[in-house]
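Remarks on the overall topology
Chain by chain, the residues:
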Amino acid sequence: MAEQIRAEMVANVLSLLVASGDRVEPGQAVVIMESMKMEIPVLAEHGGTVTTVSVAEGDVVQEGDVIVELS
Amino acid sequence: MTATEQPAPVAKKVKVPREDDPRNPNKRLRALFDDGTYVALTADGDSGMMAGHGLVNGTHAVAFASDATVMGGAMGAEGCKVIMAAYARALADEIPVIGLWHSGGARLAEGVVSLHAVGEVFNIMTRASGRIPQISVVLGAAAGGAAYGPALTDIVILGPNGRVFVTGPDVVRSVTGEDVNMERLGGAEPHARRSGVVHIATETDEEALEKARSLTHLLGAPGELESSTPIVDVDLEEHLPESAKRAYDVHPLVQHLLDEDSSVELHERWAPNIVTTLGRLGGRTVGVIANNPLRLGGCLDSPSAEKAARFVRMCDAFGVPLVVVVDVPGYLPGVGQEWDGVVRRGAKLLHAFAEAVVPRVTVVTRKAYGGAYIAMNSRALGATRVFAWPGATVAVMGSVAAVRILHRRRLADLPEEIRAEVEQELADEHDLLAGGIEKAKSLGVVDEVIEPSVTRSALAAAIVAAAPLRGRHGNIPL
């Protein structure tokens, strides 16, 4: 099942943990965000293979923005 | 003659549901109760509703079930009388009542008669609110009146085929042209994640009934905690990450804070930045409220404040002590939150805590900042006792952020190369003056710094020492 992993809140992209083609397990962190002075991992819910990484380190994301897409 | 002594509604045309029909209400009720303990309160009939009583894990409870084999479980005057009889019994015996729902709502053919009867059910549910635990299990479609019935109760469980909506897809399509199926309109995704109507969504009917049994036992047989109750301590610190900035999932900490295998989480997927879990501590039912840093950094926001407020009021109404695990960076800022009523809905949490009379104990594990510090059962709101783990901070905001505001001009005038250094010096100074746990202790807003490894026994002792009061109010579905 395709999964779109979205930002829950306004945040800076601190580090990307996956690249296109990587296999991601359910519950695995794909990106570390920085917001509210905290480092917050963003987890995949269902898992799958990374098809698109839509952000780069240092980007600012808005609530609801797609970060990573899985197939 | 009291309501409990009224004869069961007499069916005009008896139609016994087929034994092999999975919608058979007798079958569902028997599955809910301990083996061989179910006793029917009403005769089989075509009222569309069955009721009975029995034991759930040895605890006495009443239950009713829609009979979806008769007119899709639609509720008429006779069926509503069955629910009224179940409630009269539960209220008289002061025991939990469980509703198993599978109904298209009020019986169209009966017209206003059925609307009036459904309204009377809402009335008795509201009058019973906060007096006896009310649990709903939605096993099939629950539309219109059958949607608001569960919604008025304390806890709503949704089975895999459960659907809750005011109007079904056909009406939606004919009125607005919107094309939507039953699942998208009233299944687990909308209600367990987006609307908060449903507290627990399950994969199977059996699991839904099992959750109802666990919750009935937690609320109907809360147990007692005494100073002699043995409490096994476990070190909870291992559930925190090493870096203070790092977010983490609070669930393992909540699990280990409670007795093994005793907990049931409510609203797991809705507003997941706060965790609300019923479980046992030393055998006594308690309600745990914990910020979850993994989601939204653990910030309070509009839905999470409302979710926690309702949970606090439910626990208070049933005399269930509260344990509040605090690690909160603040309220989530932003336009979305303001427009979503974070001030109005956030106020509900302040109100709920300040109003609560049950023993309610706070543990600050890492940090408690700003307005969210006040909201998370602070001393000012009347906490029974406030503990902090070593190294925890209680402050208006982080010290660096604070000095950037307090010393904005001075910092701006400094050469770039020494700014960070001076900022840190000012921050350390600020910590000593305004933040830090010692300061909080001297002010009396934190009672005691405890080691994470004795948290369970400290919580139990604080609960035992407090008066076992119970709030006198209903549990409006906030």
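As the structure is a prediction and not an experimental result, all values here were calculated from the model. (Residues numbered from 1 in each chain as written. Chains lettered and ligands numbered in written order. Predicted model: local features only at pLDDT ≥ 70, side-chain atom pairs only at ≥ 80, totals over all residues. Heavy atoms only, no water.)

**Comments concerning the pairing of strand 1 (residues 3-6) of chain A**
Residue and element names in this part refer to chain A. Here strand 1 shows a buried face lined by Glu3 and Ile5 and an unburied face lined by Gln4 and Arg6. The sheet contact formed by strand 1 and strand 8 (residues 66-70) spans four bridges and is antiparallel. Its bridge partner being in strand 8, Ile5 is matched across the sheet by Val68. (Buried < 20%, exposed > 50% of the residue type's maximum accessible area, 1.4 Å probe, protein only. Helix = DSSP H or I, 4+ residues; strand = E, 2+ residues; numbered from the N terminus. Pairing = 2+ DSSP bridges.)

**Things to note about the sheet that holds strand 2 (residues 11-16) of chain A**
All names here are of chain A. A sheet is described by the order of its strands in space; here four strands give the open sequence 5-4-2-7, paired in antiparallel fashion. Edge positions in the sheet fall to strand 5 (38-43) and strand 7 (60-61), since each has one partner strand and no second. Note that strand 2 and strand 7 share two bridges and pair antiparallel. Counterpart to Asn12 in the pairing with strand 7 is Val60.

**Observations concerning the pattern of salt bridges**
Residue and element names in this part refer to chain B. Throughout the structure, instances matching the rule amount to 24 salt bridges over all chains. Salt-bridge contacts for Asp93 lead to Arg89; the nearest nitrogen and oxygen are separated by 2.8 Å. Of this pair, Asp93 and Arg89 both sit in helix 2 (residues 77-93), separated by four residues, roughly a single helical turn. The exposure class assigned to Asp93 is partly exposed, which follows from its relative accessible area of 34%. Overall, Arg89 belongs to the partly exposed group, its relative accessible area being 22%. We note a salt bridge from Arg213 to Glu210, for which the minimum N-O separation is 3.7 Å. Here the residue Arg213 and the residue Glu210 both occupy positions in helix 8 (residues 205-220), the gap between them amounting to three residues, near one helical turn. (Salt bridge = Lys/Arg side-chain N within 4 Å of Asp/Glu carboxyl O.)

**A closer look at helix 8 of chain B**
For helix 8 of chain B, spanning 16 residues, the distance from its first C-alpha to its last is 22 Å, which sits close to the expected 22 Å at 1.5 Å a residue. Inspection of helix 8 of chain B places Ala208, Leu209, Ala212, Arg213, Leu215, Thr216, Leu218 and Leu219 of chain B among the buried residues, and these make up the whole buried set. (Expected span 1.5 Å × (residues − 1).)

**Some points on a nonpolar patch on the surface**
On the surface, Val396, Met397 and Ile405 of chain B cluster together into a nonpolar patch covering about 280 Å² of accessible area. Mapped onto the fold, Met397 of chain B is located in the loop between strand 15 (393-395) and helix 14 (399-406). (Patch = residues over 30% accessible without salt bridge, like charges linked within 9 Å, V, L, I, M, F, W, Y side chains within 5 Å. Areas by Shrake-Rupley, 256 points an atom, 1.4 Å probe, with all protein chains shown as cover.)

**A word on the packing of helix 14 of chain B against helix 16 (residues 416-433) of chain B**
All names here are of chain B. Between helix 14 and helix 16, the shortest axis-to-axis distance is 8 Å and the interhelical angle comes to 105°. Comparing their axes, helix 16 and helix 14 come out roughly perpendicular. Packed against helix 14, whose contacting residues are Ser399, Val400, Ala402, Val403, Arg404 and Leu406, the element helix 16 presents Glu423, Gln424, Leu426, Ala427, His430 and Asp431 at the interface. Residues belonging to the contact of helix 14 with helix 16 are distributed by class as follows: six nonpolar, three polar and three charged. (Axes fitted to C-alpha atoms, helices over the stretch in contact; angles between N-to-C directions. Parallel < 35°, antiparallel > 145°, perpendicular 65-115°, else oblique. Contact = heavy atoms within 4.5 Å. Nonpolar A, V, L, I, M, F, W, Y, C, P; charged D, E, K, R; others polar.)

**A look at the environment of Glu429 of chain B**
Within the secondary structure, Glu429 of chain B is located in helix 16. Note: C-alpha distance between Glu429 of chain B and His351 of chain B (78 residues apart in sequence) is 35 Å.

**Observations regarding empty space enclosed by the protein**
Residue and element names in this part refer to chain B. With the rule as written, the count across this model stands at two cavities of 30 Å³ or more. Put simply, the largest cavity is a space of about 70 Å³. Taken together, Asp154, Ile155, His199, Leu266, His267, Thr276, Lys307, Arg310, Phe311, Met314 and Asn475 form the lining of the largest cavity. Residue contributions to the lining of the largest cavity peak at four residues, all from helix 10 (residues 302-317). Looking at the lining of the largest cavity residue by residue, the class counts come to four nonpolar, four polar and three charged. (1 Å grid on protein atoms, 1.4 Å probe; cavity = no way out; pocket = protein on both sides within 12 Å on 5 of 7 lines; lining within 4 Å. Points joined across faces, edges and corners; volume = space filled by probe spheres on them.)

**Describing the nonpolar core**
All names here are of chain B. Among the nonpolar cores identified, the biggest contains 63 residues, and Leu215 and Leu278 are the most heavily contacted of them. Among the elements that line this core, the one with the most residues is helix 10, at seven residues. Excluding its chain neighbours within four sequence positions, the residues that come into contact with Leu215 are Ile135, Ile155, Ile157, Ile200, Gly220, Val264, Leu266 and Leu278. Membership of the second largest hydrophobic core comes to 31 residues, among which are Val82, Val97, Ile132 and Ala147. (Core = buried A, V, L, I, M, F, W, Y, C linked by side-chain atoms within 4.5 Å.)

**Let's talk about the side chain of Thr202 of chain B**
Here Thr202 of chain B is to be found in the loop between strand 8 (200-201) and helix 8. A distance of 2.9 Å separates the side chain of Thr202 of chain B from the backbone oxygen of Thr204 of chain B, its partner in a polar contact. (Polar contact = N/O pair within 3.5 Å; in protein donor to acceptor, adjacent residues only side chain to side chain.)

**Description of a negative patch on the surface**
Taken together, the side chains of Asp235, Glu237, Glu238 and Glu451 of chain B present a region of like negative charge at the surface. Inspection of the secondary structure puts Glu451 of chain B in the loop between strand 16 (448-449) and helix 18 (455-465). (Lys, Arg positive; Asp, Glu negative; His and termini not counted. Charge placed at Lys NZ, Arg CZ, Asp CG, Glu CD.)

**Describing the environment of Pro96 of chain B**
All names here are of chain B. Position of Pro96 relative to the elements: it lies in the loop between helix 2 and strand 4 (97-103). With 125 residues separating them in the primary sequence, Pro96 and Ala221 have C-alpha atoms 9.7 Å apart. For Pro96, the contacting residues outside a window of four places in its chain are His60, Ala61, Val62, Ala90, Pro133, Thr216 and Gly220.

**Digging into helix 16 of chain B**
Residue and element names in this part refer to chain B. Its 18 residues give helix 16 an end-to-end C-alpha distance of 26 Å, which sits within 8% of 26 Å, the value for a rise of 1.5 Å per residue. Of all the positions in helix 16, only Val422, Glu423, Leu426, Ala427 and His430 are classed as buried. Down the axis of helix 16, the smallest arc covering the buried residues is 145°, so these residues share one side. For helix 16, the exposed residues set more than 90 degrees away from the buried face come down to Glu417, Ala420, Glu421 and Leu432. (Arc of directions from axis to C-beta.)

Any link to function would need more than the numbers given here.
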